[in-house]
Structures are given as structure tokens and as C-alpha cells.
Amino acid sequence: MSSNKKYWKSVEELNENSSIVETLKQNEFVEQIPTDEFLGDKDTLEASTTTRRDFLKYVGFSTAAASLAACEGPVVKSIPYVVQPDEIIPGVANYYATTIANGFDFASVLVKTREGRPIKIENNTMAATNGSANARVNASVLGLYDSLRAQGPSKAGEAISWSTFDAETSKALDALKGGSKDIVLLTQTFASPSTSKLISQFKEKYGNVRHVVYDSVSESAALDAYQAKYGERALANYDFSKAMTIVSVGADFLGDWQGGGFDSGYSKNRIPDHGKMSRHVQFESNMTLSGANADKRVPLKPSEQKIALAKLHSYIVGGFVNQKLPETIEAAVKSAAIQLKKAGSKGVLVSGIQDVNAQTLVLEINAALNSHAFNPSTPVKTRQGSDKEVARLVADMKAGKIGALIMNGVNPIYTLSNATDFSEGLKKVSLSIAFSLKADETASQTQYLAAAPHYLESWGDVELKKGHYALTQPTIRPLFDTRQFQDTLLKWVGSDVSYHDFIKSTWGSTILGGSSFNTALHDGVFVGNITSENTTSENLETEAPASNAANALLNSVKSAKGFELTLYTKTGMGDGQQANNPWLQEFPDPITRTSWDNYLTISKADADALGLMNKHVADGALNGSYANITVNGVSLKVPVMLQPGQAKGSVGLALGYGKTLGLKEEMQTGVNAYALYNNFNKVQNVSITPAEGEHKFASVQLHNTLMGRGDIIKETTLEIFNTNDKKHWNAVPVVSLNHQETPVTSPEVDLWDEFDRSIGHHFNLSIDLNACTGCGSCVIACHAENNVPVVGKNEVRKSRDMHWLRIDRYYSSETSFENDNKKKENISGLGSSLSEFGEMENASANPQVAFQPVMCQHCNHAPCETVCPVAATSHGKQGQNHMAYNRCVGTRYCANNCPYKVRRFNWFLYNGNDEFDYHMNDDLGRMVLNPDVVVRSRGVMEKCSLCIQKTQKTILDAKRDGRVIKDGEFQTACSAACNNGAMVFGDINDKESKVAKLKEDNRMYHLLEHVGTKPNVIYQTKVRNTTEA
Amino acid sequence: MKKSYQSLEVNLISNMKKVVHRKLGKNILSLGLIILLTLTTSLSAQDGDPAKGKSLFNANCAACHKLDKKMTGPALRNVEQRLSETEGLDRDWIYAWIKNSSGVIKSGDAYANKIYNEFGGAAMTAFPQFSNADIDNILAYTAEVKKEPAAAVAPVAASGAAQTGASSGISNEIILGALAVLFMLLAAGLFLVNKTLRRFAEAQNIDLPESTERTPLWKAFIKNQFLMFVVAIFFLLSSAYFVYGYLSQVGVDQGYEPVQPIHYSHRIHAGDNGIDCKYCHSSARVSKHSGIPSLNVCMNCHKSIYEVAPSTATEEYSKEFYDGEIQKLYKAVGWNDADQKYTGKTQPVKWVRIHNLPDFVYFNHSQHVSVAGVECQKCHGPVEEMEVMYQYSPLTMGWCIECHRSTNVKVKDNAYYDKIHEELSKKYGVENLTAAQMGGLECGKCHY
């Protein structure tokens, strides 16, 4: 032994008889290691069949597999068709014409399908009907791939088969046949000739059948008024392209008023042509799209609207109105009346007042004007509901008089203000069936949920306007075990034809008049005999207008304490049936620019008086107070949004939010305002008290004013536009070169050399600020075309929204932008600039509003390109600013250097991160992705590409056919979605093209032209027709 | 000889007559005529020449008939014998049937109608151009005794080959072993010789030169710092080179040759049979995808091709192997070869995709195939020689760009290019523009 040294670790070892030392020799740990606790649930552990050795094997194997997988590319399987359908070529899109008719939105559309999957909705340009695809219709394709759809029929929540369903329901219906209790069909407005015929067959068979049409957002007053005057239950049809003077009293006709779809006609006359454009005066309470686009907007309370309408009636038709209005409004009403009279047949008046007398006055005024824009011969059929009938039904249900209730396309427990009465009555109904896409509020309380197909899986026909028909055809086989209402009706009446054959025979016998059904199906639309006979044969309970409508209207004006609430529908959400659509939830409201919410809009003066506020928090997001609002004893706690332009004494709240069933947790946003929709009247008296707490809004733009920065939105008046030279109202900015004022467009003040872009294509996108109404179809179309991810409320709050195309909304801080400019010009000295610039940050109580769609401007001298350290963004010869995602390393220098703030950074892997439970992270939702555009990964920058996949496709098609490309063939998703003519896309090297001419137009300017970026997106100066009578 | 002329003449007449009669719609008359003619010529019936018959059969009958297998029509081996034995039909009936089967069916002949219904109500194509002698030749061919397939020999040969292979393996080992022993003996011999010599030297007191202690080479090397430095740099550079080389081949799958669920041989289809690529990959003309043909495209031919010719088999793949692969196709598409019917039970084939581009690359086949007229082989290699399909090209960006730089745009007869080509070629001062000059190198053309 070399050494006798003893090493010891503790003094304890010196003690020879220490038990601890002895124990430690045997055992490494003195105490038992709590492995079981450490490993969690002991029972589970013991029950597990995986032994430790197995566990190690699995770990070893999976590690090895993972590292192997990292070295080797994955094995990709390709599975071709066994028998390939003739019309499908993988990689080539097919288009089908069809029609959406969900009871709220009616539009003729084209559906783009790839490998049999519908992926995008586009406008059907052949459709000579009202209603092109709005934002909601554009987004409706995502509803097809909703993972929460009802996947088959069920009874009390248990899945059953259709044969069981048929057997049980037929038996129950037969038992009720001819009995004392009624069988009621409670449906959306179908406006469908075939369904009407089918329902009358159903009535014939069962006898005691009642068909109640229910529009969740009622237009009953207008329907009643039209029916009383013209004998047909329909809505007056307006063509605003035939009107040069438009006066609207509380009608948001650019929004969802009377079914919507009037904006494209409106926009036609908004573009100054030969010095002329239409004049639009808007009287309203909430700030709406129509008010924002008006030449003159008069804010007034809903009760004052009635007086204003009566006064307009008295000025134009005759009569006398005693009541007084505030002086400015009085003058505005008078001026509007004079302008209308002067315009005569080129004038039109519309109103959104939910009162049969008010609507009667409107019809009388337009008749008196002999307005060309008002066309009584082709009324709109897309709303047919009757408030009285619905109210009677609820009463009958409570009284136990209803034997069976069969619903389709309605959700009364969500949309009725007296939903508790309804659900109480529902319990007394012996047979209740809901045909629904979802197990929603109503369908989860009925006995049977009959899973209905999406409209892209259904057959159907619609009479949009009288004599104007449209067909719905399936574009995909039903994804789930669904059956449409009409097919079930056919089963009940004992017919064994399919609904498709039924439509075909109905059309053959009554509509087509010898024309081909296949052609109609191909076109999606068919214009038939307009003088078809009146179809309203039922004796509906309606409200008749008073003999002296004006007096009756005035009598209904009561002075009430508190605020007047106007319920409205938002451009994104509508009546709320698409609430589980993340595109629409994230769609920022055109006016408030807020997504994922509804809120009480209130004027600043009223908010200050009540102690309600909005504030910006440190990260730039918006927070707002809560308020309790009470209508008829029903209270709601709602967040408050200060709305410039909101009439004092009035507040607004959007319908369509606050759904609780049939949608993902993330989409359960806002409060249900239908609870306040008493008697189907959108105007309610409400009392407001401040409430505890602060609400977090997700706004993409705060209350921004233009601050007199005329180089963002150039605006002028029609008078100046007509009389002055371009340089007065659309001057090119100048910079000083050798003490000489030189236009920034001249080459000698340019940092960069100019490239020759005269050869080949050179794409430009023109955006006409006059024609743009801010409707937002382009935003959703861009979403769908370019696989733009949805990021959710919290991320939007952090300004991480991914919209490639945004529509900026600006307010003026004075009464008009012009006055802003003047104020800015007059600022001199430090004191004045400190105070007055501060003042200019606040929007006016009744501001002018301007919308400006902004996407990547595709600068020829792009600041982003020069700062990219890896050359991931570069310029193409065709004018597009390219973005190579695979090259991007995510420095975000480009976004910082972009003067337009249009670049978007992927903070997360939105398609593979479970924090983002939206369509991209959902196997079904992914079906909507466009296979021609890559889904971007985390850590890369993305932005508008001017739809390079579409321009390249157009070029390739032309090359393959060996032909020259015609003007109009080049389209971007936004320009194709814009039915107002605001966005025109094309090749400016084709000198005959529309866009080349627009580039030379006097109204043309570039956004922030003084920066010298030479963008390929051009804007057309906004011209306002401020000429009073 | 005379007879054959005569029959040709008759043939011609009957042909002409038939056309005329068809126009007049007097089918019965023509039937009568044909029967008359066949009756007269039947006297001259004689046994035919099977060799001539075979060529006639292959040219005219093989599309629908096999000798031993039911296809569109019944199997024809010993048809004459079968008909006379089971149905009591003679050669005259066969003449009539072949020359105008629908006529026979119309005449109400029991067996004709039976056959007609059995095969799905499709009448056999009429062959009025056949003379009775032709038909005799064909019948002679069908009457030949079935040859035992040569395949039986193949396994023997194969096993023989295996045996010889095995034996050669053994002999190699023996030779190697023997050599090793030999070398060991040699080494031992040398060692012994050396030892003996040393012992001699010791015995004779001869001084053997002592080896002096010299600095070993490696120590001298270590002491030379410059050399060390150079070598270190050399090692660093070369390892960097190899690491770079390794990393840049990650994700490059050139030569990727996966095993497919069905052994589909491009060599047989595109090579031996000369089928155009775009017959099966038809969407390459109009779509971004070349498209894997759906199984109904396979069945266009494989309804009648249920086996390969013996000559198709190679050393590696036997005829049985290929026939088995065709059976896999039938199973997948749900084709019952015996009944010549689809069963409706399908099993889509999960092919392993060979050419995988990353998602961030947009590639369009029609641009290259239809517009540019690039041969498929340019990127996919000699597919017509590939028994198993593999990835021929690296499919890297450098490879794409290389081609775009060197390939001229095909502008001829394409109105789209007229203006741009004229202007651009003037600008660049060249006669023919390359794809790169046309903008084919821009990032956004392929990445979006």
C-alpha cells in the first residue's frame, strides 16, 4: 500500500460507530427519493404498461428517428385519382357561378375551385342584379370549412341517421296533420320561386301550415309601406347611378340598408365626369359608411330624423310641419329639399327610419320627384319578413297553439329580444326541428338538429329583384352528412325527386320561357319577364300606414329622457351568422378601425359629461371605459368607443356579436345587442351609467386625423376642381436644388438612377378616392387570395395585424379637411404650433371622413430594397417589388424604412402554433388556402405582391395561347373584388389601357410623393361636391 | 392462285354491294347475298396457313381477342372445334359471323344472340374484306396447339446461375486462403533466413552496422513551426470545404430513387413502346403540375394488355414479376380481368413523389413544356431508359438559373412575344433573347 492516508468527507466519519456513515455506505441517499411523487400520478404509473426499459427504448428510438428525419427529406406521397373527373386538371382552377342567399346577404358570385375545393369568392360580372360580393360574401367561403359545423342530423344532441330522422319526423307531422295545432315553418327570406312552390305543396298536404318569414334584422316597415302602396311585399329598388342628388335620412345605403348592394351604382356618379358629379347629403345619428362618404353630413338624433323627413316631405310634396329642429339642421333640411326639387327626376331620397309612415313618405317623395333612380317595377325581393307575424308566432307558441316548429336559416333564440319567451314557447311545441349549419343557440334547444349544408354545397334559386333570377349550385360534394331543407320538404310531401330536379322543372315551367336551364346555370343569373305576376298571395298581418303619414310620423316622436340608441350592423359581421369566421372577426370596422368587438359609440361631448373615456396605453393600444346601458329593464355592460360624428344625445351599438354557441372561444366576442332590439325597432331609448373596469380594444388605427397633411389624402371641392388649374389642388411637391424649386419627380433631384421601364409590362394600380366607399371587400379578397394569417385580438392590439391591404380612415379636426389645411398654413411661431397642432390631433365633432386603401406601393425607388442585408426584396422589371420569403432573415430593416408601413412581420408560425386556433391551424380550415401562394413561416417579412401569382398566370395563359394581352385581363384580388370601380389595375405600357389613362389624369397623385419613392400605386384626388343649392 | 384471285374479286364485290345496300337500308338482302357467297365459296374450304393466320390475327383480331383469355370478345383457341362440338356450328357459320356478325344476330341465330348478350350487347366489328381463305388461315392459327411457355426453363437457369454464383464465391475464398497461407510461409521463411544469416555473422564475428539514433521525421516536423502552420491552415480549409460541401447537399435529392407501390417501368412504356410522355402526363401541357396519371388512363391500354411479352422480361425482372405488377394495377382500379368488369372496389395508389420542390418555389410545367417547348428529358433525364424512375437533376436554384441564362426564349409564332422581343433584343443588341434577359432571373418570378 503506497499510502495510508484516509480521506474523509465529513467529521462524522471520524466517529467509527456512526449510523449515518454506515447507512451512507449502503445507500446513496439517506431518505427515500420521492420518485412516485416526482413521476406524478401513482395509479396511472402503475397501470401503465410501459416499463422503464421500454420508455428508454422509445426515447432512444424517437431521438434517432428525429435526427434521421432531420438529415433525410420527408417521403411525400402523391395519390392520383382512380378515375379523374373530366373537368378537373390538377393545378388549374375552375370557376362556377352560384348565388349566396343566407337570409342576410344575397349576391351572385363566381366560386374559384382548385382540385375540387372552393377557395375564393369573386364577383359575377354577368350579374345584372343588386348585390355584388361584399366583405362578408367574400369571406363566406371560409364558413364552408368551419370545423364546428353540424356533421349530421341529431336528436337531443345524439347523432341519428337521416332515415331515422325522416321516419320520426314524418310520423310526428302526420299526427299533427289537420289537427287544431298549427305546423309552422319559420324561415329566413328565401326569395326562391322553387322553395315557395315547395312550401305551398307542403301546405297542401298538411293543411294547417303557416309559413313565417323572419329577417333577424327587420325591414318590415319598408316592406309594409311598399306593400301598401304597390301591393307587393318587396323593397323599393334604387339605382343611384341615375341620381345626381341623393338625400338620405338615416339610411346607410352603402352599408346593409335594405339588403345593401347599392354602392356600385352610387360610385358611378361620384367620379367627376365633365365637371359633374353627384351630390350626397346625409342626415344620420351614427357615423356610417354613407355618412363618411357624403358631401355633407348632418348629425342628428333619430327622433329628429323623423321631423327632418316630415319637413322634407312638406317642402317637396306639400303640407306643414309644426315641430322645430335646431337651427343648423333646419337650414340643412331646407337646403336639401331645395336641391332635391331642383334635381327633380335626378334626385332621390332614401330613409332608414323603421316606421311604416316614414317609409310611406319616402315613397311619396320619390314619386313626387318622379325620380329615375327609384324603380318600382323591379322591387328587391331579398327581405320579406313580417314583424307582426313573428310576434304572433311567439305569442301562439307560449299559448301552446303550435304543434310543430320547423326552422331554417334563423336563430331566434339569439336574434330575438324576447328570446326567453321564445324558448319557453319552444318547450310547448311537440315537434321542433332546426335546419342549421351549427348547433347554435336555437338548434341546441330544438328536438332535432337537421344538419344543413353550406350554400356552396347546395342547390337553390333566388329571385333577387322582380324578374331577376339567380341559381345556386353546389361547388363541392357535401363535406358532412347534411341535407338541405328543401330536400327534406320534398321527402315530407312524399316526392322522390331531388331538389335539383324540382328547381329544373319549376324553372322550365314558369321562369325560363324556353331558354336553356344549362345556360342559366352557367351564367348563374337569368333575367326573365319583369311583368311577372304578383306572388304575394298570403294574407300576412302587416302594419298599414296612416292616411296622413306625415302627421302620424310626427306624433310618434316623443321626447324621452336619456339617450337614443341606434342599433346597426357592422360591415364585417352583419347579422352575426358568420361570427365563427376569423377573417370577419379580424376585419377592422371601416369607421372605428376596431376588430374583434362591438361597442357603444358615443359623441365626445356626451362621453365627457358621463365621465366615459378612451385612452391610449403605453404600447399604443386603445382602452375604453365600460358603461351599463339599460333599455326597458334589460341591462348590458358594454365598452365605450368615442365616435367623432356621433350625434349628441345618440349612441350606437352593433348587432351580430355576443354569440355563445357554435363558435370557437376566440370568436365569442362582444355583447349581444339583439337583447335590446325590442319590437324589431333599431331605435331604442336607453339610459347609460358608467361601469367599472377598462376594456381592451384591438384597433388597427386610432382616432387619427389628417393634421392638414395634404400629401396623404389630396382633397378638393368640385368648384375648385372645375375652375382652377391642377397645380392649385394637386400640385407636385417641390424640393430646393441650387435654390431653385424643382419638382421631386424630376431626375436631377433623384438619389437613384432611373431604369428604362418602357419595355414589357409595367403594372400600376389606380385607386380612386372618390369611388372608394370603404366597404372592405378588397381586404377580405386579399386575405383569401394571399393566405394572409389571422393573428387574434391580442396580437392586433400589439399592432401585429397581418393585413396586406388596409383601408385607412382619416378624420378632419376642423369641419372639413380644407379648414385643416388652412389652420395648418396659419400656424406660425412656437406657441401657436404647440397649441394648435395639439388641437388638430382631435377629430371634430362632425368631421369629414376619407378612406384610403393602402397596400405596398411597389416603389420604383423603394427604400425597403436598399436596406435589406440579404437582398430578399428586390424590384422586378414589371414594376412589382418582389419579396423572396425563403431569403428573408427577418431583420425588419425594410419595415422600418418603409414610409407607408405596409410590411408585415410573421411573429409566429400562425399555421402551426396552437396559440392561434384559427383556420390556418385547423385541418379543415386549411382547405381554403390558395395553393399558388406560399404560406409564410415564422420570422419572415411579408407584404402585398400586387398579386404576382395572378399577373404571372395571365401572362402564361397569353403565352400559351400565343396572343397579346387585352386591357382588363390583368387583375389583382383587390381590383377584381372592387365593384365600385375604385381600383383599376393594368399595364401602363399598354397606352390604350384604362390605368395608363388614369396615370395621366389630372387627379392622379402618389402617396407621400415628396419622399421620391416613385410608387406604382397611384391615387386619384378626392373631389367633394360642396356646392349647396 | 386462281381461287384466291376469285375470292378477292368476290370480296370486292361484296364490299361494294354492302356499301350500296347500307345506303339503301336493305340489310336483309345483303345478308342473303353474303350467305349465298359464303355458301358458294365454302366448297373451296381448306386448311389454312397458321403463319399467315397469325399475322392476320394480330393485325385485325388481337385488339379484342386473345387465344387463351376472355377479353372484349371470347378466347379463340380451338374456336372451330369448340363451336362444332358444343354448338354444332360449322365453318360456314364462322364465315358468316366474321364477315357480318350483326347480320347473323339479326337473323335470330340462337348462339349469335347468346354471344351478343354475353358480351354486353356490342356486336363484333364486321370484316367483309376477309376472304374465306383468310378466315381459314386465322382458324388454322387458332387451332395450333398451345406452346408450353419457355418460362419453365427460366427458373432452372436462374437457379443454375445462383449455383454457379455460389460456387464461384467458394472458390474465391479458397484461392484467397491459399494465398494467405503462401504469404505467411514466405514471411516465416524470410524471418528464418534473416535469423540464420545473423547467426552466421555472429559466428564469423562480422560487425553488423548499428542503426544510429536519428530525430524521427514527425519530431522534426513538429519542431518546424512554419510547416505546422501551413498544414493547420490546409486542414482547416479542407475541412471547411467538406463541411460546406456536406451542408450544400442537404435537401438536394439528386438520384432519389424510391421504391414505388407498383413497379412502373418507364423503360417499357416510354422507351420500348415509345408512348409520348404527355399521353399520360397530359396536364403538363396546361397546368403547373405534370400530374401523375389517374388509373383510368392506365386502363386505356391495360384493359387489353394484361401481361407483358416474354421478350420484355429482363435478367432482373421476370415476366411473372411484370404480370404481377399489372395485377396490382387491376386490384387498385378494381378491374376484374376474368369478367372484364369493374368491381367498384378501388384502392388509390400511394405513389412516392420523386421530384419535390420546396413550397416557396413556384414552378409551372406548362410554361416550360408548352410555351418554351423544353423536352421533358432536359430536366428529367433519359426517362425512357429508366427501369425505376429517379431524380435526374439536382433541382437546385443554381441549376434553374444556369438553364435560364443559357436558354433562348422560343418566340417564333407566338404573338405574345412579338412586341417585347423586338424591343428587348434591340435594347440588348442580340438576336435571340435568353430567358434571363426576359426577366427569368427575377426573384418574384418563382418565389411568391
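What you are looking at is a predicted structure, and each value in this text was computed from that prediction instead of being measured.

## Some words on the overall build of chain B
1) Next: Across its full length, chain B holds 21 helices and three strands.
2) Next: Residues counted as buried form 18% of the 448 residues belonging to chain B.
3) Next: Long-range contacts, defined here as pairs at least 24 residues apart, represent 66% of the contacts in chain B between residues at least 6 apart.

## Structural notes on the packing of helix α8 (residues 220-230) of chain A against helix α13 (residues 356-369) of chain A
Residues and elements named next belong to chain A.
1) Next: Relative to each other, α8 and α13 sit at 55°, their axes nearing to 8 Å. The angle between α8 and α13 places the two elements in the oblique class. Where α8 crosses over α13, the two elements pack in a sense that is right-handed. For the pair formed by α8 and α13, the contact residues are A221, A222, D224, A225, Y226, A228 and K229 on the first element and V356, Q359, T360 and L363 on the second.
2) Next: Grouping the constituent residues of the contact of α8 with α13 by class yields seven nonpolar, two polar and two charged.

## Overview of the interface of chain A and chain B
1) Next: Taken together, the contact between chain A and chain B spans 39 residues of the former and 46 residues of the latter.
2) Next: Its residues placed into classes, the side of chain A that touches chain B shows 19 nonpolar, 14 polar and six charged.
3) Next: Pairing of strand β1 (residues 77-78) of chain A with strand β3 (residues 351-352) of chain B involves two bridges; the strand directions are antiparallel. The partner of S78 of chain A across the bridge, within β3 of chain B, is W351 of chain B.

## Quick word on unusual backbone geometry
All names here are of chain A.
1) Next: The phi angle at Q258 is positive, at roughly 50°, despite the residue not being glycine.
2) Next: With respect to the helices and strands, Q258 occurs in the loop between β10 (245-249) and α9 (263-268).
3) Next: With a phi close to 50°, N679 is a non-glycine residue in the positive phi region.
4) Next: Within the element layout of this structure, N679 appears in the loop between β27 (650-655) and β28 (683-696).

## Focus on the nonpolar core
1) Next: Within the largest apolar cluster, 274 residues are counted, with the highest numbers of intra-cluster contacts made by L312, L600 and A673 of chain A.
2) Next: Here A673 of chain A is in contact with L567, N598, L653, A654, L655 and Y657 of chain A, once residues within four sequence places are set aside.
3) Next: One finds L56, I94, Y95 and I98 of chain B within the second-largest nonpolar core, a separate group that totals 14 residues.

## What about the sheet that holds strand β41 (residues 1004-1005) of chain A?
Residue and element names in this part refer to chain A.
1) Next: Ordered by their spatial adjacency, four strands build an open sheet running β40-β33-β42-β41, and the pairing between neighbours is mixed. Every other strand in the sheet has two partners, leaving β40 (983-987) and β41 as the edge strands with one partner each.
2) Next: When β41 meets strand β42 (residues 1017-1020), the two strands line up antiparallel, connected through two bridges. Among the inter-strand pairings, Y1005 is bridged to a residue of β42, identified as Y1019.

## Here we look at the pairing of strand β33 (residues 763-768) of chain A
Each regular strand carries side chains that alternate between the two faces of the sheet.
All names here are of chain A.
1) Next: Where burial is concerned, most of β33 is hidden: six out of the six residues are buried.
2) Next: Burial along β33 is two-sided: F763, L765 and I767 and N764, S766 and D768, pointing in opposite directions, are all buried.
3) Next: Note that β33 and β40 share five bridges and pair antiparallel. Opposite N764, over in β40, you have G986 as the bridge partner.

## Description of the pairing of strand β2 (residues 93-101) of chain A
Residue and element names in this part refer to chain A.
1) Next: Taken together, the nine bridges between β2 and strand β3 (residues 106-114) define a ladder with antiparallel strand orientation. When the bridges of β3 are listed, A93 appears paired with R114.
2) Next: Between β2 and the antiparallel strand that follows it, β3, lie four residues; G103 among them carries a positive phi value of about 95°.

## Observations concerning the environment of N897 of chain A
Residues and elements named next belong to chain A.
1) Next: By secondary structure assignment, the location of N897 is in helix α30 (residues 893-897).
2) Next: Since 15 C-beta atoms lie within 10 Å of it, N897 is described here as partly exposed.
3) Next: Sequence separation between N897 and T542 is 355 residues, and the spatial gap between their C-alpha atoms is 62 Å.
4) Next: The contact partners of N897, leaving out residues within four places of it in the chain, are P863, C864 and V867.

## Quick look at the environment of I183 of chain A
Residue and element names in this part refer to chain A.
1) Next: Structurally, the position occupied by I183 is in strand β7 (residues 182-187).
2) Next: Exposure remark for I183: the 25 C-beta atoms within 10 Å place this residue in the buried category.
3) Next: In this structure the C-alpha to C-alpha distance between I183 and G152, which are 31 residues apart in sequence, comes to 24 Å.
4) Next: In this structure I183 touches L173, L176, Y206, N208, V209, G403 and A404, once residues within four positions along its chain are discounted.

## Points about the confidence of the model for chain B
Residues and elements named next belong to chain B.
1) Next: Per-residue confidence for chain B averages 81 on the pLDDT scale, and 84% of its residues sit at or above 70.
2) Next: Put simply, helix α1 (residues 2-24) is where chain B has its lowest mean pLDDT, 41, and β3 is where it has its highest, 94.
3) Next: The model gives residues 1-26 a pLDDT under 50, and that stretch makes 25 contacts with residues more than four places away or in other chains.
4) Next: When the criterion is pLDDT under 50, residues 35-45 qualifies, and its contacts beyond four places in sequence or with other chains add up to 19 contacts.

## Brief notes about the environment of A884 of chain A
1) Next: One can find A884 of chain A in the loop between β37 (881-883) and α30.
2) Next: The exposure class of A884 of chain A is buried, given the 20 C-beta atoms found within 10 Å.
3) Next: Contacts of A884 of chain A, omitting those with residues within four sequence positions, involve A872 of chain A together with C443 and H447 of chain B.

## Quick look at the sheet that holds strand β13 (residues 347-351) of chain A
What holds strands together in a sheet is hydrogen bonding between their backbones, with the strands either parallel or antiparallel.
All names here are of chain A.
1) Next: Judged by pairing direction, the sheet is parallel, and its four strands sit side by side in the order β12-β11-β10-β13 without closing on themselves. Each edge of the sheet is formed by a strand with only one pairing partner; in this case those strands are β12 (296-299) and β13. Between one strand and the next, the sheet's axes are offset by a mean angle of 10°, whatever the strand orientation.
2) Next: By the bridge criterion, five bridges tie β10 to strand β11 (residues 279-284) in an arrangement that is parallel. Residue pairing in the sheet places I246 in a bridge with H280 of β11.
3) Next: Docked against the sheet, helix α11 (residues 302-316) engages β10, β11 and β13, running at close to 140° with respect to β10.
4) Next: Against the sheet, helix α12 (residues 327-343) engages β10, β11, β12 and β13, with an angle of about 140° to β10.

Reading guide: rules and limits
- For every chain, the first residue of its written sequence is number 1, and the numbers climb from 1 along that sequence.
- As a convention, the first chain written is A and the first ligand written is 1, with the rest following in written order.
- Under the rules for a predicted model, residues below a pLDDT of 70 receive no local features and side-chain atom pairs below 80 are neither given nor counted, while totals for whole chains, interfaces and linings still include all residues.
- Put simply, DSSP marks the helices as runs of H or I at least four residues long and the strands as runs of E at least two long, and each gets a number from the N terminus on.
- Counting other C-beta atoms within 10 Å of a residue's own tells you its class, since 20 or more makes it buried, 12 or fewer makes it exposed, and anything in between is partly exposed; those C-beta atoms are placed from the backbone.
- The contact criterion used here is simple: two residues whose C-beta atoms, placed from the backbone, lie within 7 Å are in contact.
- Note on method: axes are straight lines fitted to C-alpha atoms, helices fitted across the in-contact stretch only, with angles between N-to-C directions ranging 0 to 180 degrees.
- The cut-offs work like this: below 35 degrees is roughly parallel, past 145 is roughly antiparallel, 65 to 115 is roughly perpendicular, and the gaps in between are oblique.
- We call a crossing left-handed when the near helix sits turned anticlockwise from the far one by less than a right angle, and right-handed when that turn is clockwise.
- Residues were grouped as follows: Ala, Val, Leu, Ile, Met, Phe, Trp, Tyr, Cys and Pro as nonpolar; Asp, Glu, Lys and Arg as charged; and all remaining residues, including Gly, as polar.
- By the convention used here, strands pair only if DSSP detects at least 2 bridges between them.
- By our criterion, buried Ala, Val, Leu, Ile, Met, Phe, Trp, Tyr and Cys residues that link up through C-beta atoms within 7 Å make up a nonpolar core.
- One confidence number per residue, pLDDT, is output by the predictor and ranges from 0 to 100.

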